[in-house]
Amino acid sequence: MPLALLALAVGAFGLGTTEFVMMGLLPDVADDLHLSIPTAGHLVSAYALGVVVGAPLLAAVTARMSRRKVLIGLMALFVVGNALSALAPGEYTLLAARFLSGLPHGAFFGVGAVVATGMVAPERKARSVSLMFLGLTLANIAGVPVATLMGQHLGWRATFLGVSTIGLAAMAALALLIPHDHAHAPAVGLRRELVALRSVPVWLALGTTVAGFGALFAAYSYITPMLTDAAGYADSSVTLLLALFGVGATVGNLVGGRLADHSLRGTLFGGLTSLIVVLGLFPLLMSAQWSAAAAVVLLGTAAFVTGSPLQLMVMEKASAAPSLASSANQAAFNLANAGGAWIGGLALAAGLGTTSPALAGTALAVLGLGVAGFAAAVDRRRAVVPAGRERVVASYVPERVGAGRH
């Protein structure tokens, strides 16, 4: 595997840290800015909104630029956003800074996935994506706990300055390690990039991401009350248990990348099926502390087995616009974050019990598996009926585009 993947992983580590650390810093930020916890929670939503808006927008705007320069520029925007977060004097300026910090998130992962797969042999594409995502999962093990402790002892503003430093390190690594011969995107127009997203298989892949990861976040958003109220853990133990989730996510990410290089769709089906089983067993697993800890690890593993396959599938289904489609998948991931948390909250509000968000997640995982199965059926139908028509049309468009340039 190319050393350049390390640069992408460093950037992913910084992005993952700043995305999730706000959850641990909410009490400190709320006290300092004289906000209630629910109001401070809008800072989490502001970042997610920035991801959803910035992922397709920045990927589309930069479609014809050097991917190497785009990655460095996105990380520079990340540094600025986090520095402004550290210097924000009040609630609204911090909201704006968090939104700005989220803008490059999805586009970085989207463009980075295209660069990563372009540097390796076809049989290693999924593994290359999983190694980039490794930075994101390691952020949950080390980045978020360390950044949270820094905020608690040095103030939350120091945390965001520290995250900015990670961004600067990522910029240097990208400039040094990303090779120029893998840096440039094909000279295709924005209209063709957008047309590529009109494909039904692309939207089915994005729908699988929303449902599959929505299942994860329906449960994970309420994992703390499950661990304390159902499993009987003390509040002080939750940080360590959340690090166990990061361990599971890291294992699932690496295993999923390796398996997907052998069978992309098989790995996706297996991951979603495993997620259904784990979430379905959550009420039983949360009845004892040892099994609850195992459940946290298994949840991270089962969910992130599907990460690389879904990213690669979206890119393959929109081969004429891989950067835009890959970035759109990151927007779908954040929609899953918000939607899953909302659905899990509905289960709790309905009085269905502390572990009911996991059962709501089970239903979403079943939906995701259904969408994935329907997508497989559509692919089989397109491969056979009508005889070769899809392939003829697909080969005709690039030919016209090439002719136009000459």
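For the structure, check the block above.
Peer 1: Hey, could you run me through the nonpolar core in this one?
Peer 2: A general trend in soluble globular proteins is that nonpolar side chains are found buried together. Ranked by internal contacts, the top residues of the largest apolar core, which has 54 residues, are Leu216, Phe282 and Met286. For this core, the element with the most residues is helix H9 (residues 200-220), which contributes 10 residues. Filtering out sequence-adjacent residues up to four positions away, leucine 216 remains in contact with Phe245, Leu299, Ala303 and Phe304. Among the nonpolar cores identified, the runner-up in size contains 35 residues, and Tyr47, Val144, Val163 and Met315 belong to it.

Peer 1: Would you take a moment to explain helix H16 (residues 322-349) for this structure?
Peer 2: For the α-helix, the turn length of 3.6 residues means that residues three or four positions removed from each other point alike. End to end, H16 covers 40 Å across 28 residues, agreeing with the expected 40 Å (1.5 Å per residue, within 8%). Phi turns positive, to about 75°, at glycine 351, one or two residues after H16.

Peer 1: Looking at this model, I keep getting lost on the packing of helix H6 (residues 125-154) against helix H11 (residues 238-260). Mind explaining?
Peer 2: A pair of packed helices is captured by two measures, namely the crossing angle of their axes and the spacing between those axes. H11 packs onto H6 with a crossing angle of 180° between their chain directions and a minimal axis gap of 9 Å. Classified by the angle their axes make, H6 and H11 are roughly antiparallel. On the side of H6, the interface is formed by Ala126, Arg127, Ser130, Leu131, Phe133, Leu134, Thr137, Leu138, Asn140 and Ile141, while H11 contributes Leu242, Ala243, Gly246, Val247, Ala249, Thr250, Asn253, Leu254, Gly257, Arg258 and Ala260. Taken together, the residues that form the contact of H6 with H11 break down as 12 nonpolar, seven polar and two charged.

Peer 1: Explain the side chain of serine 356 to me, please; I cannot follow it from the model alone.
Peer 2: Along the polypeptide, serine 356 turns up in helix H17 (residues 356-384). Since its relative accessible area comes to 3%, serine 356 is described here as buried. A distance of 2.6 Å separates the side chain of serine 356 from the backbone oxygen of glycine 353, its partner in a polar contact. Every residue in contact with serine 356, bar those within four places of it in the chain, is listed here: Ala347 and Leu348.

Peer 1: Quick question: what am I supposed to make of the packing of aromatic side chains here?
Peer 2: Each pair of aromatic rings is reported with the distance of its centres and the angle of its planes. For the structure shown, the criterion picks out eight aromatic pairs. With a centroid separation of 6.2 Å and 90° between ring planes, the pair formed by phenylalanine 108 and phenylalanine 109 is classed as edge-to-face. The class for phenylalanine 108 is buried, based on a relative accessible area of 1%. Look at tryptophan 156 and phenylalanine 160: their rings are 6.1 Å apart centre to centre, the planes differ by 80°, and that puts the pair in the edge-to-face class. Separated by four residues within a single helix, tryptophan 156 and phenylalanine 160 lie in helix H7 (residues 156-177), roughly one turn from each other. Both residues of the pair, tryptophan 156 and phenylalanine 160, belong to the buried class. An aromatic cluster is built from Phe213, Phe217, Tyr220, Phe245, Phe304 and Phe333, whose rings are joined through pairwise contacts.

Peer 1: I would appreciate a short explanation of the environment of glycine 14 in the present structure.
Peer 2: With respect to the helices and strands, the residue glycine 14 is situated in helix H1 (residues 4-33). Residues glycine 14 and alanine 170 lie 156 residues apart in sequence; the distance between their C-alpha atoms is 8.0 Å. With near-sequence residues (within four places) excluded, glycine 14 lies in contact with Phe78, Val163 and Ile166.

Peer 1: Explain a nonpolar patch on the surface to me, please; I cannot follow it from the model alone.
Peer 2: Taken together, the side chains of Leu49, Val53, Leu57 and Val61 make up a nonpolar region of the molecular surface, amounting to roughly 350 Å² of accessible area. Among the structural elements, leucine 49 can be located in helix H3 (residues 42-61).

Peer 1: Please clarify how the packing of H9 against helix H12 (residues 264-280) should be interpreted in this entry.
Peer 2: Where H9 contacts H12, the two axes come as close as 11 Å, and the packing angle between them is 25°. Compared by their axis directions, H9 and H12 come out roughly parallel. H12 is crossed by H9, and the crossing has left-handed handedness. From H9, Thr208, Gly212, Ala215 and Ala219 reach across to H12, where they touch Leu268, Leu272, Leu275 and Leu279.

Peer 1: Explain the pattern of salt bridges here, please?
Peer 2: Here the idea is simple: oppositely charged side chains can pair when their charged atoms come close. The full count for this structure, using the stated rule, is three salt bridges. A salt bridge links aspartate 32 to arginine 157; the nearest nitrogen and oxygen atoms lie 3.7 Å apart. You can see aspartate 32 sitting in helix H1 and its partner arginine 157 sitting in helix H7, a full 125 residues away along the chain. According to the relative accessible area criterion, aspartate 32 is partly exposed, its value standing at 39%. Residue class for arginine 157 comes out partly exposed when judged on its relative accessible area of 26%. For arginine 265, the salt bridge is made with aspartate 379, and the minimal N-O distance between the two is 2.4 Å. Of this pair, arginine 265 sits in helix H12 while aspartate 379 sits in helix H17; the two residues are 114 residues apart in sequence, bridging distant segments of the chain.

Peer 1: It is not clear to me how the side chain of threonine 18 should be interpreted in this structure. Could you clarify?
Peer 2: Within the fold, threonine 18 resides in helix H1. Non-local contacts of threonine 18, meaning those with residues more than four positions away in its chain, are made with Tyr47, Phe78, Asn82, Arg98, Phe160 and Val163.

Peer 1: I tried to follow H9 on my own but got confused; where do I start?
Peer 2: With 21 residues, H9 extends 30 Å between its outermost C-alpha atoms, agreeing within 8% with the 30 Å of an ideal straight helix rising 1.5 Å per residue. The buried fraction of H9 amounts to 17 of the 21 residues, a majority that puts the element mostly inside the structure.

The rules behind these values
- Residues numbered from 1 in each chain as written.
- Predicted model: local features only at pLDDT ≥ 70, side-chain atom pairs only at ≥ 80, totals over all residues.
- Heavy atoms only, no water.
- Core = buried A, V, L, I, M, F, W, Y, C linked by side-chain atoms within 4.5 Å.
- Buried < 20%, exposed > 50% of the residue type's maximum accessible area, 1.4 Å probe, protein only.
- Helix = DSSP H or I, 4+ residues; strand = E, 2+ residues; numbered from the N terminus.
- Contact = heavy atoms within 4.5 Å.
- Expected span 1.5 Å × (residues − 1).
- Axes fitted to C-alpha atoms, helices over the stretch in contact; angles between N-to-C directions.
- Parallel < 35°, antiparallel > 145°, perpendicular 65-115°, else oblique.
- Nonpolar A, V, L, I, M, F, W, Y, C, P; charged D, E, K, R; others polar.
- Polar contact = N/O pair within 3.5 Å; in protein donor to acceptor, adjacent residues only side chain to side chain.
- Phe/Tyr/Trp six-rings, centres within 6.5 Å; stacked < 30°, edge-to-face > 60°.
- Patch = residues over 30% accessible without salt bridge, like charges linked within 9 Å, V, L, I, M, F, W, Y side chains within 5 Å.
- Areas by Shrake-Rupley, 256 points an atom, 1.4 Å probe, with all protein chains shown as cover.
- Salt bridge = Lys/Arg side-chain N within 4 Å of Asp/Glu carboxyl O.
- Left-handed = near helix turned anticlockwise from the far one by under 90°.

That's the geometry; what it means functionally is another story.
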